Amino acid sequence: MKYVFVLESLDSLHFYGGLTDDLRARLAKHNAGEVPHTSKYGPWRLKTYVAFSDEKQAATFEKYLKSTSGRAFAKKRL
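Just so we're clear, the structure is a prediction, and the values are computed from it rather than from any experiment. Starting afresh in each chain, residues are numbered from 1 along the sequence in its written order. Local features in this predicted model are restricted to residues of pLDDT 70 or higher, and side-chain atom pairs are both shown and tallied only at a pLDDT of 80 or more, whereas totals for entire chains, interfaces and linings draw on every residue. Excluding hydrogens and water, the side-chain values take into account all heavy atoms of the structure.

**Q** So what exactly am I meant to see when it comes to the pattern of salt bridges here?
**A** Side chains that differ in sign of charge can pair as their charged atoms come close. A side-chain nitrogen of Lys or Arg and a carboxyl oxygen of Asp or Glu constitute a salt bridge if their distance falls within 4 Å. For the coordinates displayed, the defined rule picks out four salt bridges. In this structure, the salt-bridge partner of K2 is E55, at a minimum N-O distance of 3.9 Å. Taken together, the positions of K2 in strand 1 (residues 2-9) and E55 in helix 2 (residues 55-65) put the pair 53 residues apart, joining distant regions of the chain. The partner of K66 in a salt bridge is E62, with the nearest N and O atoms 3.2 Å apart. Numbered from the N terminus, helices here are DSSP runs of H or I no shorter than four residues, and strands are runs of E no shorter than two.

Set out below in structure tokens:
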């Protein structure tokens, strides 16, 4: 399975979306400061995730969530 996820900083001011095979390990990496883009805004919590059996669909959805309309969708619906 591939997981598209949205993380939220504990101050609820920052969000980060990504794609992974292992949600727990990925969240641990973000909270350990091992991801340069998110290290200064942690700690993080998992806001939502969607599981895909098709890797291409997962990558397409992740790309959408990182677009302007995708960010608006995530903020309103997820």
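**Q** Looking at this structure, how should I read the packing of aromatic side chains?
**A** By convention here, two paired aromatic rings are described through the distance between centres and the angle between planes. When two rings of Phe, Tyr or Trp (its six-membered ring) have centres within 6.5 Å they constitute a pair, described as stacked for plane angles under 30 degrees, edge-to-face for angles over 60, and tilted for the intermediate range. Summed over the entire model, instances satisfying the criterion amount to five aromatic pairs. Ring geometry for F52 versus F61: centroids 5.7 Å apart, planes at 45°, classification tilted. Here F52 and F61 have matching classes, each one buried. Plain terms: the ring middles of Y64 and F73 are 6.0 Å apart, the flat faces sit at 50° to each other, and that makes the pair tilted. Per-residue accessibility, obtained with a 1.4 Å probe over protein chains only, is compared with the maximum for each type, and a residue is labelled buried under 20%, exposed over 50%, and partly exposed between these values. The exposure class assigned to Y64 is partly exposed, which follows from its relative accessible area of 32%. Aromatic rings pair up to connect F52, F61, Y64 and F73 into one cluster.

**Q** How should helix 2 be read in this particular structure?
**A** Because each turn of an α-helix spans 3.6 residues, side chains separated by three or four positions end up pointing in the same direction. Those residues of helix 2 not exposed but buried are A58, F61, E62 and L65. Seen along its axis, helix 2 keeps its buried residues to an arc of 100°; they face one direction. Exposed side chains of helix 2 directed beyond 90 degrees from the buried face belong to K56, T60 and K63. By the convention used here, residues are in contact when the closest approach between their heavy atoms is within 4.5 Å. Along its buried surface, helix 2 packs onto strand 1, strand 2 (15-20), strand 3 (44-52) and helix 3 (68-77). Under this definition, polar contacts are N or O atom pairs within 3.5 Å; protein pairs additionally need one hydrogen-donor-capable and one acceptor-capable atom, and for neighbouring residues in sequence, both atoms have to be side-chain atoms. Sitting at the head of helix 2, D54 places a side-chain oxygen 3.0 Å from the backbone nitrogen of K56. Directions are taken from the helix axis to each C-beta atom, and the arc is the one they span.

**Q** Would you take a moment to explain the nonpolar core for this structure?
**A** Residues enter a nonpolar core if they are buried and are Ala, Val, Leu, Ile, Met, Phe, Trp, Tyr or Cys, with the set joined through side-chain atoms within 4.5 Å. With seven residues, the main nonpolar core is built from V4, V6, F52, A58, F61, L65 and A74. Those elements that provide at least two residues to this core are strand 1 and helix 2. When residues in this core are grouped by element, the largest group, three residues, is from helix 2. Dropping the residues within four chain positions of it, F52 is found in contact with M1, K2, V4, Q57, A58 and F61. Within the second largest apolar cluster, five residues are counted, among which are L7, Y16, L23 and W44.

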